[in-house]
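Structural overview
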Amino acid sequence: MSEVIELLRRLVSINSVNPDLVPGAKGESEIADFCARWLTEQGFSVHRLESRKGRPSIVGLAKGRGGGRSLMFNGHFDTVTHAGYEGNPLDARVEDGKVFGRGSFDMKSGVAAMMVAGARAAKRGLGGDILIACVADEEYASIGTAEVARHFKADAAIVTEPSHLDLTLAHKGFIWFDVVIEGRAAHGSRPDLGIDAIARAGHFLVALEEHGKSLLKGDRHPILGTGSIHASLIKGGEELSSYPASCQISIERRTVPGETGDIVEGQLRAMLDGIARSVAGFAFRLDRGLERIPFEAKEDEPIVACLCKHASLALGRQPKVRGEPFWTDCAILKEAGIPSLLFGADGAGAHAAIEWTTVESVETVSRVLEETATEFCG
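The rules behind each value
Residues numbered from 1 in each chain as written. Predicted model: local features only at pLDDT ≥ 70, side-chain atom pairs only at ≥ 80, totals over all residues. Heavy atoms only, no water. Helix = DSSP H or I, 4+ residues; strand = E, 2+ residues; numbered from the N terminus. Expected span 1.5 Å × (residues − 1). Buried < 20%, exposed > 50% of the residue type's maximum accessible area, 1.4 Å probe, protein only. Contact = heavy atoms within 4.5 Å. Pairing = 2+ DSSP bridges. Axes fitted to C-alpha atoms, helices over the stretch in contact; angles between N-to-C directions. Salt bridge = Lys/Arg side-chain N within 4 Å of Asp/Glu carboxyl O. Core = buried A, V, L, I, M, F, W, Y, C linked by side-chain atoms within 4.5 Å.

Let us now look at helix 7 (residues 302-315). Along its 14 residues, helix 7 runs 20 Å from first to last C-alpha, staying within 8% of the 20 Å computed at 1.5 Å per residue. Of the residues making up helix 7, those classed as buried are Ile303, Val304, Cys306, Leu307, Cys308, His310, Ala311 and Ser312. Packing partners of the buried residues in helix 7 comprise strand 3 (71-76), strand 7 (156-159), strand 8 (167-171), strand 17 (340-342) and helix 9 (359-377). Positive backbone phi, approximately 75°, marks Gly316, located one or two places after helix 7.

Now the structure itself:
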């Protein structure tokens with residue numbers, strides 16, 4: 001069995017469920033320790049970043065001889081829950097050319113590929129530095145890559161999220177909002193005193209559905225299509241015998257390049273103000289929460305051209321260019337001034353009951369990353 005597949009199986013066997021998703025889960029400490037030891041054995045200087053205790057990220061640095069460009073490989077080693085997984089999620093069995101187990105596809109496949117590729121490329125005596133960033137918390141709030149970007153810079157980065165051997169050059173962003181519709185608490189027998197916040201929220205939900213339809217018919221990004229919006233959570237009321245004083249609706253807005261948080265908030269506020277003008281006594285509060293910007297790379301950026309060249313040689317064809325509806329750490333790296341793209345393995349079952357990646361694709365990704373680093377870093 002190849003070195004990269006052996007490493008992948010070892011990574012899958014380590015429980016690294018994100019504790020922000022599953023309270024009390026083990027988190028990333030054990031897998032961070034393992035990656036730190038492995039990188040040290042390969043000759044990297046290892047840096048442990050842990051501004052949030054118990055949530056470490058590891059950066060291995062191989063200094064070049066000078067005169068070349070630096071390249072960061074970036075991949076997350078946290079996973080989603082083991083609950084509902086069919087069989088043992090930590091049993092990284094190899095069967096019919098596939099590696100099974102939680103995280104095998106998303107994305108310990110990419111972490112294994114980049115670790116082996118980076119170690120092999122560094123041994124070639126390159127001009128530029130190679131950085132291997134194994135990061136925490138991508139599945140929740142991306143504190144890992146955000147911390148890495150505060151401490152390390154590079155001339156380019158490749159995030160090794162699974163991309164089915166395609167080049168991912170764009171993905172959507174997202175913004176979370178809470179809309180609180182205000183009513184007035186009163187005994188359920190006193191309609192003269194109470195204002196039903198839940199019923200008032202219905203006006204907003206109808207308008208939100210119409211706004212979502214209009215977004216899907218609006219201007220389209222050439223790769224990503226349109227933005228979208230949906231209501232995710234709703235909470236209101238205390239008991240059956242009382243008028244609810246408030247109703248909170250949590251919504252998610254998926255964004256495409258060109259859509260900013262201020263633009264989206266303006267659209268929502270205009271919608272709510274319009275309801276307030278037409279519905280007597282309608283009162284609301286709009287709170288903006290977590291925001292992650294959309295990502296887009298240019299095909300003529302040096303790192304994109306270099307990776308495309310070596311992917312083409314390995315695949316025997318030009319790789320497809322794709323965009324993703326979900327968000328990745330590429331956006332954080334680009335915002336930090338590091339040109340980035342996404343390239344990773346093939347497989348299926350991310351966050352699902354059965355997860356797998358293909359042996360061949362993981363080995364191919366590792367070879368492509370090694371050759372890309374060799375040329376890019378000089």
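There is more to say after this.
It is worth spelling out the sheet that holds strand 11 (residues 228-236) at this point. A sheet is described by the order of its strands in space; here 4 strands give the open sequence 11-13-9-14, paired in antiparallel fashion. Since the sheet does not close on itself, it has two edges, and those belong to strand 11 and strand 14 (283-292), each with one partner. Across the sheet, the mean angle separating the axes of adjacent strands is 20° when strand polarity is ignored. Strand direction decides the pairing type here: strand 9 (residues 173-182) and strand 13 (residues 246-255), joined by 10 bridges, are antiparallel. Note on strand 13: the bridge partner recorded for Asp178 is Ser250. Contacts from helix 5 (residues 197-216) reach strand 9, strand 11 and strand 13, with the element oriented near 165° to strand 11.

Let us look at the pattern of salt bridges. All told, the structure shown has 25 salt bridges when counted by the stated rule. With a closest N to O distance of 2.8 Å, Arg52 and Asp20 form a salt bridge. In this pair, Arg52 is assigned in the loop between strand 1 (45-49) and strand 2 (57-62) and Asp20 in the loop between helix 1 (3-12) and helix 2 (29-41), connecting sequence segments 32 residues apart. Here Arg52 falls in the partly exposed class, since its relative accessible area comes to 36%.

Turning our attention to the nonpolar core. If you look at the biggest cluster of nonpolar residues, it comprises 82 residues, and the most contacted ones within it are Met72, Met115 and Phe343. Take this core: its biggest share by element is 9 residues, from helix 3 (residues 108-122). For Met72, the contacting residues outside a window of four places in its chain are Leu131, Ala133, Val148, Phe152, Ala154, Ala156, Ala157, Ile158, Leu333 and Ile338. Counting 22 residues, the second-largest nonpolar core is a separate cluster that includes Phe177, Val179, Ile249 and Val279.

It is worth spelling out unusual backbone geometry at this point. Excluding glycine, residues mostly have negative phi values, and the peptide bonds linking residues are mostly trans. A cis amide bond links Asp106 to the next residue, Met107, at an omega of -10°. Backbone geometry at His164 places phi at a positive 60°, although glycine is not the residue there. Taking relative accessible area as the criterion, His164 reaches 28% and is therefore assigned partly exposed. Of note in the backbone geometry, His351 takes a positive phi value of approximately 65° without being a glycine. Tracing the chain through its elements places His351 in the loop between strand 18 (347-348) and strand 19 (356-358). By relative accessible area, His351 is classed as partly exposed at 46%.

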